[in-house]
Amino acid sequence: MDRIEQLMKDAKPRVEAPGSTPGSHAARSIVYSTDPNVVRLPGRTPARLTAARTAAATILAAAAVVGAVILGGNLMPQPAPGPAQTGSPTPADTASPTPASPRPSAASTAPPTEAAPAALSTGGVACTPANIDQLRNDRQPAITPIPPAEQGYYTVLGCADGWLAYSISDDGVRALQLDGGNAWFRIAKLHNGRFLWDVRQEWASVFNWEFQATNNQGLTPQQAMDKEFAAKGIPVELRPRLVGEGPAAG
Amino acid sequence: MSGGNTMLAAKEQAFVDLHTQHSARVYGYIACRINDRHRAEELAADVFRIAWQKQLSEPPGIGWLLATARNVIGNEYKGRHRRQELTDRLQEEARSQTPGADTKEQAAVAAVLVRLRERDREVLMLSYWDDLTTAELAQTLGCSPSAAAVRLHRARRAFAKAAPSHLMTERKD
């Protein structure tokens, strides 16, 4: 062991085992056990080890949401298996978004921030991956546009009042070696005629609908999304136009 | 219907196995970096919720889980807030220990760490606090093993450059 390794290992904070915080796992279990949509799996008892209970509670909640996602009819489209097409329909544009329905036509005289059938725009700038710059900080401290060859991995979800929400497909994060859960929508802001996604900013990412639906605070997905918007300084009133309405109530 | 239950049960077991195998390390990763133990537990649970929802074809390794944990922390704490959380965590650690030569050295290491660029700091912490192999480090960072080794080398060089000379000299007890 060399000196740097020794110094680092000696400086490592001591970490107590998780689960010693009173009530944390019990609270989570209680929230999900009172959900009428939760299906109890055989063999699970409340007396199980805390870790297994947490895991099971997570599974039960997630399974219930997966069921709702499959059955619900008013949902955001899930990322396509392959690279997403640019300019694809974004549910934030429609009054009742469904994965397969075409976007309704809108008058060309609609306000710039309103949905248009062919292209979204805000502040006179088209809301497309081609107009998004990214500051990734760790790996690429410079501000760089999304390369044309990579734009297919990104889907614009909606834009309004200088804000833009977009997602990257699971294939995209793998191809770009960014994989780390991909549970977020990215938020960019109009800056000097282009949208800038700045990873350093509070508002740069919010959990996606899939993840908001499994919040352990007893909130609806919409409430959870609005709460995160508010916490990060993103105008809550823009939420439907940026990321849509989310999954139907289960 | 029974086939569906069997499939869910198998997935559940695989998930529980994943949780059993890696939850301590995921929690440890987060708890070393933020100064709120309750929140660390919640964020660790978020990592596994994401793992479940992603329905990956193969159970993810520790590298994927820690990359996700890093993103979860990043979603929670941005930029300087992340560094402040680490600073608070290390200061809390120092306060909890009996003052002595060891604690002075640890405080000095903490001071060096928070001065480093985040990418160098993270590589050092992953390597020496989270005990990742080069392959696991590569998976967490999303790069090749050789690139991960290079990043560790650069991070060590940055640490040596930032550290006061007396810190780099081994104590003779």
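Residues numbered from 1 in each chain as written. Chains lettered and ligands numbered in written order. Predicted model: local features only at pLDDT ≥ 70, side-chain atom pairs only at ≥ 80, totals over all residues. Heavy atoms only, no water.

Time to look at the pattern of salt bridges. Scanning all chains against the criterion turns up 22 salt bridges over all chains. Note that A:Arg194 is salt-bridged to A:Asp133, the shortest N-O span being 2.8 Å. With a gap of 61 residues between them, A:Arg194 in strand β8 (residues 194-198) and A:Asp133 in strand β3 (residues 132-135) connect regions that are remote in the sequence. A relative accessible area of 25% means that A:Arg194 is categorised as partly exposed. Linking B:Arg117 and B:Asp120 is a salt bridge whose minimum nitrogen-to-oxygen distance equals 3.6 Å. Counted as one network, the salt bridges with shared partners bring together A:Arg14, B:Arg89 and B:Glu93. (Salt bridge = Lys/Arg side-chain N within 4 Å of Asp/Glu carboxyl O. Helix = DSSP H or I, 4+ residues; strand = E, 2+ residues; numbered from the N terminus. Buried < 20%, exposed > 50% of the residue type's maximum accessible area, 1.4 Å probe, protein only.)

All names here are of chain B. Taken N-terminus to C-terminus, the directions of helix α3 (residues 62-76) and helix α7 (residues 134-141) make an angle of 40 degrees; their axes are 7 Å apart at the nearest point. It follows from the interaxial angle that α3 and α7 lie oblique. In this structure, the crossing between α3 and α7 has a hand that is right-handed. Contact residues: α3 offers Ile62, Gly63, Trp64, Leu66, Ala67 and Arg70, while α7 offers Glu136, Gln139, Thr140 and Leu141. Partitioning the contact of α3 with α7 into residue classes produces five nonpolar, three polar and two charged. (Axes fitted to C-alpha atoms, helices over the stretch in contact; angles between N-to-C directions. Parallel < 35°, antiparallel > 145°, perpendicular 65-115°, else oblique. Left-handed = near helix turned anticlockwise from the far one by under 90°. Contact = heavy atoms within 4.5 Å. Nonpolar A, V, L, I, M, F, W, Y, C, P; charged D, E, K, R; others polar.)

Right, let's talk about the confidence of the model for chain A for a bit. Residues and elements named next belong to chain A. Overall, the predicted model of chain A reaches an average pLDDT of 70, with 57% of residues at or above 70. Throughout residues 21-53 the model reports pLDDT below 50, and contacts reaching past four residues in sequence, or to other chains, amount to 42 contacts. Scored below 50 in pLDDT, residues 62-117 shows 91 contacts in the model against residues more than four places distant or in partner chains. (pLDDT = per-residue confidence, 0-100.)

Within soluble globular proteins, side chains that are nonpolar tend to cluster in buried spots. In terms of nonpolar packing, the biggest core is built from 59 residues, with A:Met8, B:Val26, B:Ile30, B:Leu124, B:Trp129 and B:Phe159 touching the most fellow members. Ranked by the residues each element gives to this core, the list is headed by helix α2 (residues 37-54) of chain B, at eight residues. Leaving out residues up to four positions away in the same chain, B:Leu124 has contacts with A:Met8, B:Leu113, B:Leu116, B:Trp129, B:Leu152, B:Ala155, B:Arg156 and B:Phe159. Judged by nonpolar contacts, the second largest core, of 19 residues, contains A:Ile132, A:Tyr166, A:Leu178 and A:Trp197. (Core = buried A, V, L, I, M, F, W, Y, C linked by side-chain atoms within 4.5 Å.)

Residues and elements named next belong to chain B. Tracing the sequence through the fold places alanine 158 in helix α8 (residues 145-162). A C-alpha to C-alpha distance of 9.8 Å links alanine 158 and leucine 113, two positions 45 residues apart in sequence. Sequence-distant contacts of alanine 158, that is, excluding residues within four places in its chain, are made with Leu116 and Asp120.

Take the interface of chain B and chain A next. The interface of chain B with chain A comprises 61 residues on the first partner and 59 residues on the second. Summing both partners gives a buried area of about 5,500 Å² for chain B against chain A, and 55% of it is carried by carbon and sulfur. For the interface between chain B and chain A, the tally reads six salt bridges. Measuring nitrogen to oxygen at the nearest pair gives 2.4 Å for the salt bridge that ties A:Asp2 to B:Arg156. Our enumeration of links across chain B and chain A arrives at 25 residue pairs in polar contact (both at pLDDT 80 or more). Of the residues forming the side of chain B that touches chain A, the biggest block, twelve residues, is contributed by α2(B). The class makeup of the residues in the side of chain B that touches chain A is 26 nonpolar, 16 polar and 19 charged. (Buried area = accessible area lost by both parts, 1.4 Å probe. Polar contact = N/O pair within 3.5 Å; in protein donor to acceptor, adjacent residues only side chain to side chain.)

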